[in-house]
Amino acid sequence: MTLLAFHNTERPTGPHRADPAPEQAGRTSPPDPPSGPAATPTAAAEAATAAAPAAQDQRAEDAAGPEEALARELTRLLFDQDGDRERVHAPWRRLIARDAFRHRPGLTPGQRAEQSYTWLRLVNDTLDDPVSLATDPALLTALHEWAAIVDGGGGLTTVASIHYNLFLGSILDHADHASRDLGEYTSLRRIGTFLCTELDHGNDATALETTARHDPATGGFVLHTPHPGAAKFMPNTSALGGPKAAVVAARLLVDDRDHGIFLFLTPLTDRDGPLPHVTVEPLPLRPNAPVDHCLTSFDHLPLPGRALLQGEHGSLGADGVFASSLGNRRKRFLTSIARVTAGKLCMSAAAVGASRAALAIAVRYGDQRHVSGPRPGQRIPVNAHRTHHGRLLQAVATTYAMTLLHRSLTAAWARHTPDDRDRLERLIALAKAWTTWQARTIALEARERCGAQGLLPANHLAGFPEYIEGTITAEGDNLLISTKAAAELLHQPPATPVADQGPAHLTQPRFLRNLLAHTEHAFHAQARRALRSGPAHDPQGRWNTASGPALQRAQVHTALQAADALLTALARTADEPVHGVLSELTALFLLGQLAPHTGLLLADGHIAAHHVHEFPTAVDDLTHRLQPRLATLTRAFDHPSEYLDALPLLQGDAGPHGGS
């Protein structure tokens, strides 16, 4: 009855701005600065920075135990790579600790969708300059990491990603943005959305059929949906949440000449509903992604000339003459929707955040949930069982790798140049696919480890997998973007593995990393041979022959980048206990990645037969050594106590006694 009582007494929260909840005892983060309408990530960072030295001194004086010190250093490695943890992560961590972001039982699907926009406004209230958020990859992706854990993910993350990244970001990426007044969008007087995908055109977006025909009489355009299959599919275009506008991907027609697909800034709704010439048909609400997805179409909607987002890739003069630095229509389109690359980073961030939260919940529950022990009358935590904690530890190792890979790619994207853009876009696409696929497996595992309580919405775990399904499809379907990247990698031979240093032992991260590099080489060679030996004069047939090993190579290539991110983190700490734990975690991650490929490595002579037999023992030994640190490893994920303590399955009397 404990859980039912929790539901019945849970205090509802409304759309007002809530003050941060009081700090809980034992928390190691700096205290929150005073909150108010003008609070910003920058202001929060300044207040936190001022408090940091005193907080550090206090922690030293408190002489917390070695596990707390271990957790703090792991937190630093995960969240403070560039020394900007307070600027990038602390504002969002503090925000989601507020009561306003706790689960509210009994809401209808429509009310949950409305709540997503209420939360979006709370996010916007923390910002002095939303434009800076849209142009800062680290701050933007960090928002996704923390927003994705609110109420099981979904609603807030989706509307925030669309508004700040795809809508505002797309406008800011075009050269003419400086002359636009963005005030109604940065204040959320009008919420932004993004209309690209059509009912008949998802992954083949270059075939979009929505048209924007230039009208020489007015200098503007006429936006039109030529048939039902060209309706824009899935954008959040209803009047829910307030008036909305969109950037709409449409085919620019000038004097019946098709210049390719560009973006057009288009008002959609006011407070009374769709504007004239705009039709919005609601789609069914997804329970764990409560957003107003719709089908949207246009019936000869007149737009002013300023609606076209212009840049060097394409512009239209007052005389109606089109100019472009790119002669290829596909390149113009890819330039117009370039914000999708940042979107892939955002999807990875959300999946990483959801994975960390799911594991933190499952591990803490496994420590609290007691079951019958081997002796009569004995009660032991369910985490004492290797069959239970072994799965969680493997997931924790993968989540550390996912987090650090995401950090490295976000930092690289923030400073990329035209020379390395193509390479980084490929890596970001592969990382998005690999990370979101891994996150789905991790979220499902965490939910299952919490049994029936993991199915209840108030405990969040049931929502994470369904939300992650959305990240798998958003910003490019995983299989499609992986296939494209795999084809490109066929022309990029893998780097030669470095010479083995030290003993060939299955708990040595460097040795295991080199085995993974040899695996990538093997799949690359297989794909190249298949491509050469495929059916002549049949490009599709040749690719079909090579695609299997090419995709395997791409997946291993991504896992190798994650392993290198772990090894880089190892090099960033001089703390011996932390180095030892992280080294063992890295080895456990690599063993998990290598296990499916031991036959290939044995056949190519990179390991001996005894190594194959030793794989299970090595995994078990590492798991045995890491098991006492399982709670510490997830405590390093640094979730606010207000977030975890509010979950019914983590209430004190719902743990040891198996509350119902």
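Before any of the text, the structure's been laid out above.
Source: prediction; values computed, not measured. (Residues numbered from 1 in each chain as written. Predicted model: local features only at pLDDT ≥ 70, side-chain atom pairs only at ≥ 80, totals over all residues. Heavy atoms only, no water.)

(A) Local environment of the overall build of the protein. The helix and strand tally for the protein stands at 23 helices and 14 strands. Taking all 660 residues of the protein together, the buried fraction comes to 56%. Counted over contacts in the protein with a minimum sequence separation of 6, partners at least 24 positions apart contribute 76%. For the protein, the accessible area works out to roughly 26,800 Å², and carbon and sulfur atoms hold 54% of it. (Helix = DSSP H or I, 4+ residues; strand = E, 2+ residues; numbered from the N terminus. Buried < 20%, exposed > 50% of the residue type's maximum accessible area, 1.4 Å probe, protein only. Contact = heavy atoms within 4.5 Å. Areas by Shrake-Rupley, 256 points an atom, 1.4 Å probe, with all protein chains shown as cover.)

(B) Layout of the nonpolar core. If you look at the biggest cluster of nonpolar residues, it comprises 139 residues, and the most contacted ones within it are Trp 92, Tyr 164, Ile 361, Tyr 400, Phe 464, Leu 512 and Phe 589. It is helix α12 (residues 339-368) that contributes the most residues to this core, 15 residues altogether. Apart from the residues within four sequence positions on either side, Phe 464 is in contact with Ala 148, Ile 149, Gly 152, Gly 153, Ala 354, Ala 357, Ala 358, Ile 361, Ala 443 and Tyr 643. Of all hydrophobic cores here, the second largest spans 22 residues; its members include Phe 221, Phe 264, Leu 268 and Val 278. (Core = buried A, V, L, I, M, F, W, Y, C linked by side-chain atoms within 4.5 Å.)

(C) Quick peek at the pairing of strand β2 (residues 211-215). Judged from the five bridges that link them, β2 and strand β3 (residues 220-224) form a sheet pairing that is antiparallel. Bridge pairing links Thr 211 to His 224 in β3. Here β2 hands over to β3 after four residues, with Gly 219 in that stretch at a positive phi of 80°. As judged from the three bridges shared by β2 and strand β5 (residues 244-254), these two strands associate in the parallel manner. Counterpart to Ala 212 in the pairing with β5 is Leu 252. (Pairing = 2+ DSSP bridges.)

(D) Quick peek at unusual backbone geometry. Unlike most non-glycine residues, His 300 shows phi in positive territory, near 50°. Here His 300 is to be found in the loop between β9 (294-298) and β10 (301-303). Accessibility expressed as a relative area gives 45% for His 300, which makes it partly exposed. A positive phi angle is found at Glu 475, which is not glycine, with a value near 60°. With respect to the helices and strands, the residue Glu 475 is situated in the loop between α15 (463-473) and α16 (478-489). Exposure remark for Glu 475: the relative accessible area of 13% places this residue in the buried category.

Shape is all these values report; function is a separate question.
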